[in-house]
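Now for the letters of each chain:
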Amino acid sequence: MIRRASLVLVGALMGATAMGVVYSATIPAVAANSSTYRELAIFGDVFERVRAQYVTPPQDDKLIENAINGMLSSLDPHSSYMNSADAEDMRTQTRGEFGGLGIEVTMEEDLVKVTSPIDDTPAARAGVLAGDFISKIDGQDVRGLKLEEAVDKMRGAVGTPIKLTILRKGADKPIELTIVRDVIAVRAVKVRTEGDVGYLRVISFTEKTFDDLKKGIEKIKAEVPADKLKGYVLDLRLNPGGLLDQAINVSDAFLERGEVVSTRGRNPDETRRFNATPGDLADGKPVIVLVNGGSASASEIVAGALQDLKRATVLGTRSFGKGSVQTIIPLGDAGALRLTTALYYTPSGKSIQGTGITPDVKVEQPLPPELLGKVEAQGESDLRGHIKGQNEDGEGSGSVAYVPPEAKDDIQLNYALDLLRGKKTDPAFPANPEQAELKK
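Model, not experiment: these values are computed from the prediction.

Q: What is the right way to look at the overall build of the protein chain in this model?
A: Secondary structure assignment for the protein chain yields 9 helices and 21 strands. Its C-alpha atoms give the protein chain a radius of gyration of 24 Å, near enough to 22 Å, the size a compact globule of 440 residues would have. Each principal axis of the C-alpha distribution contributes one length, and for the protein chain these read about 75 × 70 × 45 Å. Out of the 440 residues in the protein chain, the part that is buried amounts to 46%. When the accessible surface of the protein chain is summed, it comes to about 22,100 Å², and 52% of that surface belongs to carbon and sulfur atoms. Looking at charge distribution, the protein chain has the averaged site of its 54 positive side-chain charges lying 2 Å from that of its 62 negative ones.

This is the structure:
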């Protein structure tokens, strides 16, 4: 049975964003010395002089917010202050649901293009189709807006209406639709069968990830008889991470025993270890985990656990290398503090901070001609001010983060399918849990 962990720690980052779970424990105060208070007095003096004498009147809240961010950015790239709006956005991301319409969109020709309406959502029921262009939102022209701004306008309180003006190929005039927002649940795991192989793509680690994974495995089992099912591909490419407890539960879904991950903080007594429990949802079938330079944090916890415990073969290219854990500390109406409080370690006791997960089977995914010279490898080791990992060397972490939109062009996925079907062989496949060196 899978243990449903409820944790207070978090690990996720790609670029400059991170997600977390609320941590509400009391933080013990550490007394500052007299020189610290003198420095704070200087800060107060500078603040008052800026307020009184700067050439244009500054906003007090912006001055304070920027001062806090300046302090936190001097620590590492993942510690930051979130104002109330940012904190609410973070909570929305980790819940995996929001008030909205239910469409996946992109920007094309300065208009919002619908790539796909999500089944059984207000947009789908209203007749929005893939390929539609949204030209106006509540009468406001979309041209000139960034994609993020347009998306923010379409999200809103459940039960509130929104008017969309749609341009559709073949229609002789714009289509006006009024849609009432509803709760939109974002799928954390996308599932399909590749013939005799189950494919599970974990998009992010939200509160819904384990439940989506479990349903996905059940769906695959219902579609492919056990004697025909060759195994599973667990795709963690382009996965920026998310909630630590979900990473533990996803790992546990494939494990019968062993330590999944440990976190070590500033003090030795802050070390925490999380172990797998009996119950392999995949029934012991072979598993291949796909990673690339876009696999970070929580996804690296899963890849590291299944690799070290020899439950899965990791295939692809070196992962991002974010081995730190952030705690989200609520600050009431003022927002929240996201603070790096620990590093995590794989079952073998290895920190991947600044090094990443090295795949058992290295398979490069070439870039298409139009992306050559435009996409570069990046990892934690490239981030300015990152915490230097204990195993970090000149090679660093990360690799190119690219996955082709069509499965037929996906060299890494097809290599994994060939291994599972016996068309290719490799000493690292299949992984054998009996060969894992478990900690006592």
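Now that the structure has been shown, the text picks up again.
Q: Can you walk me through the nonpolar core in this structure?
A: Leu213, Leu234, Phe254 and Val289 are the most contacted members of the largest nonpolar core, which totals 43 residues. Residue contributions to this core peak at 6 residues, all from helix 8 (residues 298–308). If we ignore the near neighbours within four places in the chain, the residues touching leucine 234 are Leu200, Val202, Leu213, Phe254, Val287, Ile288, Val289, Leu290, Val302 and Leu306. Among the nonpolar cores identified, the runner-up in size contains 16 residues, and Val128, Ile134, Ile137 and Ala150 belong to it.

Q: Any chance you could explain a negative patch on the surface here in plain terms?
A: A cluster of acidic side chains, namely Asp86, Asp89, Glu148, Glu149 and Asp152, defines a negative patch on the protein surface. Counting residues per element, the ones that place at least two in the negative patch are helix 3 (84–95) and helix 5 (147–154). Among the elements that line the negative patch, the one with the most residues is helix 5, at 3 residues. Considering the arrangement of structural elements, one finds glutamate 148 in helix 5.

Q: Please clarify how the environment of phenylalanine 205 should be interpreted in this entry.
A: Examined against the element boundaries, phenylalanine 205 turns out to sit in the loop between strand 12 (197–202) and helix 6 (209–223). Leaving out residues up to four positions away in the same chain, phenylalanine 205 has contacts with Leu236, Asn239, Gly241, Gly242, Leu243, Gln246, Ala247, Val250, Ala298, Ser299 and Val302.

Q: It is not clear to me how the packing of helix 6 against helix 7 (residues 244–252) should be interpreted in this structure. Could you clarify?
A: The relative placement of two packed helices comes down to the angle between their axes together with the axis-to-axis distance. Their axes nearest at 9 Å, the elements helix 6 and helix 7 cross at an angle of 20°. As far as their axial angle goes, helix 7 and helix 6 are roughly parallel. Crossing handedness for the pair helix 6 and helix 7: right-handed. For the pair formed by helix 6 and helix 7, the contact residues are Thr209, Phe210 and Leu213 on the first element and Gln246, Asn249 and Val250 on the second. When the residues that make up the contact of helix 6 with helix 7 are grouped by side-chain class, the tally is 3 nonpolar, 3 polar and no charged.

Q: Can you walk me through the packing of helix 1 (residues 34–53) against helix 2 (residues 60–73) in this structure?
A: It is at 11 Å that the axes of helix 1 and helix 2 come closest, and there the two elements cross at 145°. Where helix 1 crosses over helix 2, the handedness of that crossing is right-handed. Contacts between helix 1 and helix 2 involve Phe43, Phe47, Val50 and Arg51 from the first element and Asp60, Leu63, Ile64 and Ala67 from the second. Of the residues contributing to the contact of helix 1 with helix 2, the split by class is 6 nonpolar, no polar and 2 charged.

Q: Is there a simple way to think about the packing of aromatic side chains in this case?
A: Both the distance between ring centres and the angle between the ring planes are used here to describe each pair of aromatic rings. Overall, the coordinates contain 0 aromatic pairs when judged by the stated rule. The ring of phenylalanine 98 has arginine 155 sitting right over it, with the charged end atom 3.9 Å from the ring centre. Across the ring face of tyrosine 415, the terminal group of lysine 424 is positioned such that the distance to the ring centre comes to 5.1 Å.

Q: How do you make sense of unusual backbone geometry when you look at a structure like this?
A: Backbone geometry follows two general trends: most residues other than glycine have a negative phi, and most peptide bonds adopt the trans configuration. Along the chain, phenylalanine 429 connects to proline 430 via a cis peptide bond; the corresponding omega equals -5°. Its place among the elements puts proline 430 in the segment after helix 9 (411–420). Notably, aspartate 283 is not glycine yet its phi reads approximately 55°, a positive angle. A relative accessible area of 56% places aspartate 283 in the exposed class. At serine 297, a position not held by glycine, the phi torsion is positive, near 60°. Tracing the backbone shows serine 297 in the loop between strand 17 (287–291) and helix 8. A residue is classified by how much of its surface remains accessible, and serine 297, at 0% relative accessible area, is buried.

Q: Where do I start with the pairing of strand 16 (residues 272–275) in this structure?
A: Within a regular beta strand, the side chains point alternately toward one face of the sheet and then the other, so they alternate between its two faces. Sheet topology places strand 15 (residues 259–265) next to strand 16; 4 bridges connect them, and they run antiparallel. In the strand pairing of strand 16, threonine 263 is matched with arginine 272. Connecting strand 15 to the next strand, strand 16, in antiparallel fashion are 6 residues.

Q: Which parts of the structure should I look at to understand the pattern of salt bridges?
A: Side-chain pairing between opposite charges can occur once the charged atoms of the two side chains come close. Taken as a whole, this structure holds 23 salt bridges when the rule is applied. Among the ionic pairs, arginine 237 bridges to aspartate 410, the shortest N-O distance being 2.7 Å. Taken together, the positions of arginine 237 in the loop between strand 13 (231–235) and strand 14 (241–243) and aspartate 410 in the loop between strand 21 (361–362) and helix 9 put the pair 173 residues apart, joining distant regions of the chain. Each member of the pair, arginine 237 as well as aspartate 410, carries the same accessibility label: buried.

Reading guide: rules and limits
- Residues numbered from 1 in each chain as written.
- Predicted model: local features only at pLDDT ≥ 70, side-chain atom pairs only at ≥ 80, totals over all residues.
- Heavy atoms only, no water.
- Helix = DSSP H or I, 4+ residues; strand = E, 2+ residues; numbered from the N terminus.
- Rg over C-alpha atoms; globule rule 2.2 N^0.38 Å.
- Buried < 20%, exposed > 50% of the residue type's maximum accessible area, 1.4 Å probe, protein only.
- Areas by Shrake-Rupley, 256 points an atom, 1.4 Å probe, with all protein chains shown as cover.
- Lys, Arg positive; Asp, Glu negative; His and termini not counted.
- Charge placed at Lys NZ, Arg CZ, Asp CG, Glu CD.
- Core = buried A, V, L, I, M, F, W, Y, C linked by side-chain atoms within 4.5 Å.
- Contact = heavy atoms within 4.5 Å.
- Patch = residues over 30% accessible without salt bridge, like charges linked within 9 Å, V, L, I, M, F, W, Y side chains within 5 Å.
- Salt bridge = Lys/Arg side-chain N within 4 Å of Asp/Glu carboxyl O.
- Axes fitted to C-alpha atoms, helices over the stretch in contact; angles between N-to-C directions.
- Parallel < 35°, antiparallel > 145°, perpendicular 65-115°, else oblique.
- Left-handed = near helix turned anticlockwise from the far one by under 90°.
- Nonpolar A, V, L, I, M, F, W, Y, C, P; charged D, E, K, R; others polar.
- Phe/Tyr/Trp six-rings, centres within 6.5 Å; stacked < 30°, edge-to-face > 60°.
- Lys NZ or Arg CZ within 6 Å of the ring centre and 35° of its normal.
- Pairing = 2+ DSSP bridges.

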